[in-house]
Amino acid sequence: MACEVCEEYFGQYRRQVFQTPKSYLSFIQLYKNMYTEKLAAIKDKEARVNLGLEKLIQGAEDVDKMKIVLQNQEKVLQK
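Residues numbered from 1 in each chain as written. Predicted model: local features only at pLDDT ≥ 70, side-chain atom pairs only at ≥ 80, totals over all residues. Heavy atoms only, no water.

**Q** With reference to specific residues and values, describe the overall build of the protein.
**A** Across its full length, the protein carries two helices and zero strands. Its C-alpha atoms give the protein a radius of gyration of 30 Å, clearly above 12 Å, the size a compact globule of 79 residues would have. The dimensions of the protein, computed from C-alpha atoms along their principal axes, are 95 × 25 × 15 Å. With 13 positive and 11 negative side-chain charges, the protein shows a separation of 4 Å between the mean positions of the two kinds. (Helix = DSSP H or I, 4+ residues; strand = E, 2+ residues; numbered from the N terminus. Rg over C-alpha atoms; globule rule 2.2 N^0.38 Å. Lys, Arg positive; Asp, Glu negative; His and termini not counted. Charge placed at Lys NZ, Arg CZ, Asp CG, Glu CD.)

**Q** For unusual backbone geometry, give the residues involved together with the corresponding values.
**A** Positive phi values are uncommon outside glycine, yet Arg14 reaches one of about 55 degrees. In this structure, Arg14 sits in the loop between helix H1 (2-13) and helix H2 (21-78). Residue class for Arg14 comes out exposed when judged on its relative accessible area of 60%. (Buried < 20%, exposed > 50% of the residue type's maximum accessible area, 1.4 Å probe, protein only.)

**Q** Explain the pattern of salt bridges to me, and be specific about the residues and the numbers.
**A** In total, this model carries one salt bridge according to the counting rule given. When the shortest N-O distance is used, the salt bridge between Asp44 and Arg48 registers 3.3 Å. Taken as a pair, Asp44 and Arg48 lie in helix H2 at a separation of four residues, close to a single helical turn. When its relative accessible area of 60% is taken as the criterion, Arg48 is described as exposed. (Salt bridge = Lys/Arg side-chain N within 4 Å of Asp/Glu carboxyl O.)

Here is the structure:
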């Protein structure tokens, strides 16, 4: 694949480009850095979504408790 890209570059710009071990290693390092950044961003979003879901679940439980209290208070008011 790298050779194909080098040939394509030569066809467009008439300049030779060679894939050296150093440029390949720098490419791998750049890829690892980008992967780490994207993974951290995804984990941050996951944590936010999980926190939001926990809040929604807690809210639903609170509403259920309030409904029970409301039913008890309506009975008292009717008497």
